[in-house]
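Architecture at a glance
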Amino acid sequence: MSLVRLVLANLWAKKSRSIGIAFAIGIAVMTVVTLTVVSSGLENAAAAVLTIGKSDFTVAQNGVSDILFSSIDDGQLHNVGSTKGVANAVGVLLETEKINAANPLFLEIGIDPGDLSHFGVTVVAGKPYGATANHQVMLGWRAAQNLGLHVGARFEGNGTWNTVTGIFSTGIAYGDLGAMFPLPALQARNRVAGSVTLIFVKVVPGFSIPKVEKSLTSSHPELTTIRTASEFGRADRNLVFLQAAATGSTVLAILIGAVIVGNTMLLSLFERTREFGLLRAIGWTRTRVVFLVVGEGIVLAVAGSATGVGLSFAATSVLEHLPQLTGVLHANYTQGAFWRGLYTGLGMAVIGALYPALRAANLTPLKALSHE
Amino acid sequence: MSDPGVKTRSEIEAHEVEKIYDDGMIRALAGVDLTVAKGEFVAITGPSGCGKSTLLHLFAALDRPTSGTIRVDGYDMNHLRHSNRFRRQEIGLVFQLHNLLPRLSVLGNVEIAMAGSHRPYAERSVYAQKLLGDVDIAHLADRRPTQLSGGERQRVAIARALANDPPILLADEPTGSLDSASVEAVLGLFQRLRQERRVTIVLVTHDNVVAGVADRIVQMLDGKVVSEQATRSL
Ligand SMILES: Nc1ncnc2c1ncn2[C@@H]1O[C@H](COP(=O)(O)OP(=O)(O)OP(=O)(O)O)[C@@H](O)[C@H]1O
Ligand SMILES: [Mg+2]
């Protein structure tokens, strides 16, 4: 009769209660895992914007809530371009537009055709648009495929009809799902003449990238530089907020869950007073009784966490297919999300079970035995 | 296990033991003096409410006396640090109410008493099965306590009390609901324990036949020992 078998026998004897607790843990774990995979998915998607341009680093406005709200003017672009060590600086305007129900956040990139090669774009069909053309567009090959459009077709975007002059490839799925417009046309339509969203910078070979970044941000404190996906959070406050929400919900889930688990276990403990009294009377130590009760909590936590991860899979796949969220929500199932789910479940159960366990262990055996 | 110097004089000494409940309203024990030698078999009798169970619980370190001293196997009950270990290693206790765990099988109820004992895991189940055989219920090992008769439950409780080979066996009405054949089997087992392992036995009973098997009968009344008599000289 090992402790494990006793734990399982006890849980089995109260099946419906065990299932109830495990399910409550599952719901909390589901919330945490879903928030984590969604925020990590958003981080990936947003970081994908940055990887479109094949640059050494990207320059954005410091402290904006959404990286797409970053705004850099011509003067700053010029200053960045003439900073020592910068080989070239491509100013790009990024906008999103709802072009139809399936594409609520269609990516539109305003870029000078002369910068296309620096930016890492290849024209795979047709030719680039004119630098100051008004009704011309190039489509990413994935977007063209999705929309069923070819070179010469008409595409409604940027608030007007445009002729598709070419199809481009960036090598990045997110970029290939968008469109490119002449910079002045996109600026005019969005009433941001003379300003861009991001600057993609290539450093002169031999220069240290961090040093160039440093000299840039020290002379332009209103700008920030981003090199990796994790640095991306620095520039995007929405993402910081979402990550904080994921962390906060983990802590909350653990606390609320612990109270629920603790309460339920406390109730069952009351019914089992005689049992604990007996175990102590035949020589069980307090520690062993604590292990018994916490052990029951751990088994429930593991079962609940597994349920929660399953529920989270179901929840995200439903969310991803909601028309309002298509193309916005990308679940990114990382190992970290699973671990977070597991320790949320374990945290709830262990913290919740601890107080009942200590209560059980500290019962006076004789009094407990005469409990009705 | 522990210091053999302590082990050799396994016995019980109670001196002016008082146990008062409910702030003086109930005087369950009113100055008990009793000595039990190692390997002795003592029967305690007396009317209901005279304090027999209370005394047994004090011997088992399940409670402490209000005043007076008790030494069990050399341990001072007023200053016992590890009462769990004491109960596990020194005492086999058969409760007046059998107190079996309904969720576990008969075998599980015996094995559970071995938690934390020195017996290797692998041997526990086999030994529990042997103890069930000793009290003639080996065939009931897989049943639940609720599927047993009163007498069968009592025998499970006895098997459990013997799970850790205790030097002292305290039994509160262990034969209360047994038929005469089973009573004889249990008493035979007690005799064997005493002869083969020098187990000290204190047994509470209302049954004169059962008491007659002991070396000595201790009569209690109103929380006191009123008479002690040796039964036989072999
Ligand atoms: N926890 C308690 N609180 C208050 N009074 C108690 C408690 N336990 C026992 N008593 C009282 O102490 C007295 C002795 O009880 P005890 O159980 O020792 O009697 P007993 O001799 O074992 O009786 P029986 O033969 O009926 O089992 C009784 O009057 C009982 O009511
Ligand atoms: Mg009694």
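Source: prediction; values computed, not measured. (Residues numbered from 1 in each chain as written. Chains lettered and ligands numbered in written order. Predicted model: local features only at pLDDT ≥ 70, side-chain atom pairs only at ≥ 80, totals over all residues. Heavy atoms only, no water.)

This brings us to the overall build of chain B. Looking only at helices and strands, one finds eight helices and 10 strands in chain B. Its C-alpha atoms put chain B at 45 × 40 × 40 Å along the principal axes. Each of the 234 residues in chain B was classed as buried or not, and the buried ones make up 55%. For chain B, long-range pairs separated by at least 24 residues make up 67% of all intrachain contacts whose partners lie at least 6 apart in sequence. Looking at chain B as shown, the accessible area adds up to about 10,200 Å², and 49% of this sits on carbon and sulfur atoms. (Helix = DSSP H or I, 4+ residues; strand = E, 2+ residues; numbered from the N terminus. Buried < 20%, exposed > 50% of the residue type's maximum accessible area, 1.4 Å probe, protein only. Contact = heavy atoms within 4.5 Å. Areas by Shrake-Rupley, 256 points an atom, 1.4 Å probe, with all protein chains shown as cover.)

A tally of regular secondary structure across chain A gives 14 helices and 12 strands. The C-alpha radius of gyration computed for chain A amounts to 29 Å, which surpasses the reference 21 Å derived for 372 residues by more than 25%, pointing to a less compact arrangement than a globule. Expressed as lengths along the three principal axes of its C-alpha atoms, the size of chain A is roughly 90 × 45 × 30 Å. Out of the 372 residues in chain A, the part that is buried amounts to 47%. With 26 positive and 21 negative side-chain charges, chain A shows a spacing of 15 Å between the two charge centroids. (Rg over C-alpha atoms; globule rule 2.2 N^0.38 Å. Lys, Arg positive; Asp, Glu negative; His and termini not counted. Charge placed at Lys NZ, Arg CZ, Asp CG, Glu CD.)

Mapped onto the secondary structure, Leu177(A) falls in the loop between helix 6 (173-176) and strand 9 (179-181). Considered as a pair, Leu177(A) and Gln145(A) are 32 residues apart in the sequence and their alpha carbons are 9.1 Å apart.

Looking now at the site of ligand 1. All names here are of chain B. The immediate surroundings of ligand 1 are formed by 13 residues, with Ser48, Gly49, Lys52, Ser53 and Thr54 found nearest. Here Thr54 contributes a side-chain N or O atom positioned 2.5 Å from an oxygen atom of ligand 1. Coverage of ligand 1 by the protein amounts to 65% of the 640 Å² it exposes when considered alone. Secondary-structure elements contributing two or more residues to the shell around ligand 1 are strand 2 (26-36) and helix 2 (52-59). Element by element, the count of residues in the shell around ligand 1 is highest for helix 2, at three residues. Residues that form the shell around ligand 1 fall into these classes: four nonpolar, seven polar and two charged. (Near = heavy atom within 4 Å. Polar contact = N/O pair within 3.5 Å; in protein donor to acceptor, adjacent residues only side chain to side chain. Nonpolar A, V, L, I, M, F, W, Y, C, P; charged D, E, K, R; others polar.)

With that out of the way, let us pick up the packing of aromatic side chains. Residues and elements named next belong to chain A. The full count for this structure, using the stated rule, is five aromatic pairs over all chains. Residues Phe106 and Phe155 carry aromatic rings whose centres are separated by 5.7 Å and whose planes lie at 45 degrees to one another, so their mutual orientation is tilted. On the criterion of sequence distance, the pair formed by Phe106 in strand 4 (residues 106-110) and Phe155 in strand 7 (residues 154-157) is long-range, its members being 49 residues apart. Here the two residues Phe106 and Phe155 agree in accessibility, since each one is buried. (Phe/Tyr/Trp six-rings, centres within 6.5 Å; stacked < 30°, edge-to-face > 60°.)

A water-sized probe rolled over the atoms picks out the places where empty space is left. Approximately 510 Å³ is the volume attributed to the second largest pocket. Looking at the lining of the second largest pocket, the elements with two or more residues in it are helix 14 (365-369) of chain A together with helix 2 and strand 6 (91-94) of chain B. When residues of the lining of the second largest pocket are assigned to their parent elements, the largest contribution, four residues, is made by helix 2 of chain B. Here the lining of the second largest pocket is composed, by residue class, of nine nonpolar, seven polar and four charged. (1 Å grid on protein atoms, 1.4 Å probe; cavity = no way out; pocket = protein on both sides within 12 Å on 5 of 7 lines; lining within 4 Å. Points joined across faces, edges and corners; volume = space filled by probe spheres on them.)

Residue and element names in this part refer to chain A. One can describe the packing of helix 11 (residues 273-281) onto helix 12 (residues 286-321) by two numbers: an axis separation of 10 Å at closest approach and a directional angle of 145 degrees. The element helix 11 and its partner helix 12 pack so that their crossing is right-handed. Contacts from Glu275, Phe276, Leu279 and Arg280 in helix 11 reach Arg286, Val289, Leu292 and Val293 in helix 12. Looking at the contact of helix 11 with helix 12, its residues break down into five nonpolar, no polar and three charged. (Axes fitted to C-alpha atoms, helices over the stretch in contact; angles between N-to-C directions. Left-handed = near helix turned anticlockwise from the far one by under 90°.)

Moving on, we come to the coordination of the magnesium ion (ligand 2). All names here are of chain B. Those protein atoms acting as donors to the magnesium ion (ligand 2) are Ser53 (OG) and Gln96 (OE1), and they sit at 1.9 to 2.3 Å. Placement of Ser53 in helix 2 and of Gln96 in the loop between strand 6 and helix 4 (106-111) is noted, with a sequence separation of 43 residues between them. Gln96 gets classed as partly exposed once you look at its relative accessible area, which sits at 43%. (Donors = N, O, S within 2.8 Å, 3.2 Å for Na, K, Ca; no water.)

Listed by partner, the interface residues are 19 residues for chain B and 22 residues for chain A. Taking both sides of the interface into account, the surface hidden between chain B and chain A amounts to around 2,000 Å²; carbon and sulfur atoms contribute 62%. Looking only at chain B, the three residues that lose the most surface to chain A are Asn84(B), Arg103(B) and Ile112(B), adding up to 30% of its buried area. For the interface between chain B and chain A, the tally reads eight residue pairs in polar contact (both at pLDDT 80 or more). Breaking the side of chain B that touches chain A down by element, the ones donating at least two residues are helix 3 (83-90) and helix 4 of chain B. For the side of chain B that touches chain A, the element with the highest residue contribution is helix 3 of chain B, accounting for three residues. (Buried area = accessible area lost by both parts, 1.4 Å probe.)

This brings us to the domain arrangement of chain A. Taken as a whole, chain A is organised into domain 1 (3-46 + 239-369) and domain 2 (57-226). Relative placement of domain 1 of chain A and domain 2 of chain A: their C-alpha centres are 46 Å apart. (Domains from an automatic or database assignment.)

On to the pairing of strand 7 (residues 168-172) of chain B, then. All names here are of chain B. Among the five residues of strand 7, five are classified as buried, and the element is accordingly described as predominantly covered. Direction of pairing for strand 6 relative to strand 7: parallel, over a ladder of four bridges. Bridge assignment links Leu93 to a residue of strand 7, and that residue is Leu170. Of the pairings in the sheet, the one linking strand 7 to strand 8 (residues 200-204) comprises five bridges and is parallel in character. Bridging from a neighbouring strand, Ala171 pairs with Leu203 of strand 8. Assessed by its sense of winding, the connection that carries the chain from strand 7 through helix 7 (residues 180-197) to strand 8 is right-handed. (Pairing = 2+ DSSP bridges. Right-handed = clockwise from strand over helix to strand, strands pointing away.)

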